[in-house]
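For reference, the chains in residue letters:
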Amino acid sequence: MTEEVLSTPSHVAIIMDGNGRWAKARGLPREVGHERGVEALRQTVEACRHTSLTTLTVYSFSTENWKRPASEVSALFGLLRLYIRQDLKKLKAEGVCVKVIGSKENLPDDILALIAHVESETSVNTGFTLNIAFNYGAHDEIRDACQKIAGRVASGEITTDQISISDIESHLWFKHSPPVDLLIRTSGEYRLSNFMLWQLAYSELVFMDVLWPDFRGEHLQEALDIFTNRERRYGGLSSAGSLK
């Protein structure tokens, strides 16, 4: 790979962090923070559609979120139900293809049916892709890919020497999405939290102090502006011909 002067990204991923702190600061239940977070997602999807972005991936529910109180886990499931049921018609009409990516283990039957429904209803849309990472963990994604490749080796389909980067990528849950150009994490935290570790290998990272329920189109544009002022070198030299 060579150095690339940035213009605008194609694929943005967002760790939507800060719902609980937003609610706590206002003396409200955490569930209210999550509800406001859904509204922030609506506005962000709308803002993305007015840019050159082709793909948005959001971290909605991680495999580690199962450690939270059962009432909060139930509330997060409820928000997925609410978002899809309320927004499906609009998303479909506006050409948004929705993919829910993550493990299907331990998910309630109605959630599985809802995921299948929204993916089927929007599958023909090509204008913009919204990936919802739900019950997702990057370690699980990579382990699943390794297990599938190991099965191919065991069956004699390929040898270990024949395993390539593209082979691994073809078994990942995000195999149909382009690499992430820009990762945004809200709330002022500086960590990846087991999110898209493979896909973020050469991504630009932007950490913002705004809590997710307060995230709006202007914050997205601010992150895009930061992106355009950076230089992606993929381990090579800068455009000036020296390492920085």
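Position numbers for residues start from 1 in each chain and track the written sequence from start to end. Given that this is a predicted model, residues contribute local features only at a pLDDT of at least 70 and side-chain atom pairs are listed and counted only at 80 or more, while totals for whole chains, interfaces and linings are drawn from all residues. The basis for every side-chain value is the complete set of non-hydrogen atoms in the structure, without hydrogens or water.

Observations concerning the environment of Pro9
Inference 1: The numbering of helices and of strands both runs from the N terminus, where a helix is a DSSP run of H or I of at least 4 residues and a strand a run of E of at least 2. For Pro9, the location among the structural elements is in the loop between β1 (4–5) and β2 (11–15).
Inference 2: Contacts between residues were defined by any pair of non-hydrogen atoms, one from each residue, lying within 4.5 Å. When sequence neighbours within four positions are dropped, the list of residues in contact with Pro9 reads Ser52, Leu53, Asp181, Leu182, Leu224 and Phe227.

Concerning the packing of aromatic side chains
Inference 1: Each pair of aromatic rings taken from Phe, Tyr and Trp, with Trp reduced to its six-membered ring, is defined by centres within 6.5 Å and is described as stacked if the planes are under 30 degrees apart, edge-to-face if over 60, and tilted in the remaining cases. Across all of its chains, the model carries twelve aromatic pairs by this definition.
Inference 2: Ring plane angle 90° and centroid distance 6.1 Å describe the contact between Tyr136 and Phe195, whose orientation is recorded as edge-to-face. Taken together, the residues span a long stretch of sequence, with Tyr136 in strand β5 (residues 128–136) and Phe195 in the loop between β6 (182–185) and β7 (204–207) at a distance of 59 residues.
Inference 3: Ring geometry for Tyr190 and Phe207: centres 5.1 Å apart, planes at 45°, overall tilted. Of the two residues, Tyr190 is situated in the loop between β6 and β7 and Phe207 in strand β7; the sequence distance between them amounts to 17 residues.
Inference 4: Note on classification: 1.4 Å probe, protein chains only; a residue is buried when its accessible area is under 20% of the maximum for its type, exposed when over 50%, partly exposed between these limits. For Phe207, a relative accessible area of 28% gives the class partly exposed.
Inference 5: Each residue in the set Tyr59, Tyr136, Trp173, Phe174 and Phe195 is aromatic and connected to the rest through ring pairs, giving one cluster.

Things to note about the pairing of strand β3 (residues 55–62)
Each regular strand displays side chains that alternate between the two surfaces of the sheet.
Inference 1: The element β3 is extensively covered by neighbouring structure, given that seven of its eight residues are classed as buried.
Inference 2: When DSSP finds two or more bridges between two strands, those strands count as paired. In terms of strand pairing, β3 meets β5 through seven bridges, oriented parallel. If you follow Phe61 over to β5, its bridge partner there is Phe134.

Topic: the nonpolar core
Inference 1: Joining through side-chain atoms within 4.5 Å is the link that ties buried Ala, Val, Leu, Ile, Met, Phe, Trp, Tyr and Cys residues into a set, and such a set is a nonpolar core. Of all hydrophobic cores here, the largest spans 45 residues; its most connected members are Leu56, Tyr83, Ile132, Phe134 and Ile184.
Inference 2: At nine residues, the largest contribution of residues to this core is made by helix α3 (residues 70–93).
Inference 3: Filtering out sequence-adjacent residues up to four positions away, Ile132 remains in contact with Val58, Ser60, Leu80, Tyr83, Val98, Lys99, Val100 and Ile101.
Inference 4: Grouped together as the second largest cluster of nonpolar side chains are 13 residues, Ala13, Ile15, Tyr136 and Phe174 included.

Some thoughts on unusual backbone geometry
Inference 1: Residues other than glycine seldom take positive phi values, yet Ser187 does so here, at roughly 85°.
Inference 2: Secondary-structure assignment places Ser187 in the loop between β6 and β7.
Inference 3: For Ser187, a relative accessible area of 9% translates into the label buried.
Inference 4: Positioned with a positive phi, Met196 is a non-glycine residue whose angle comes to about 50°.

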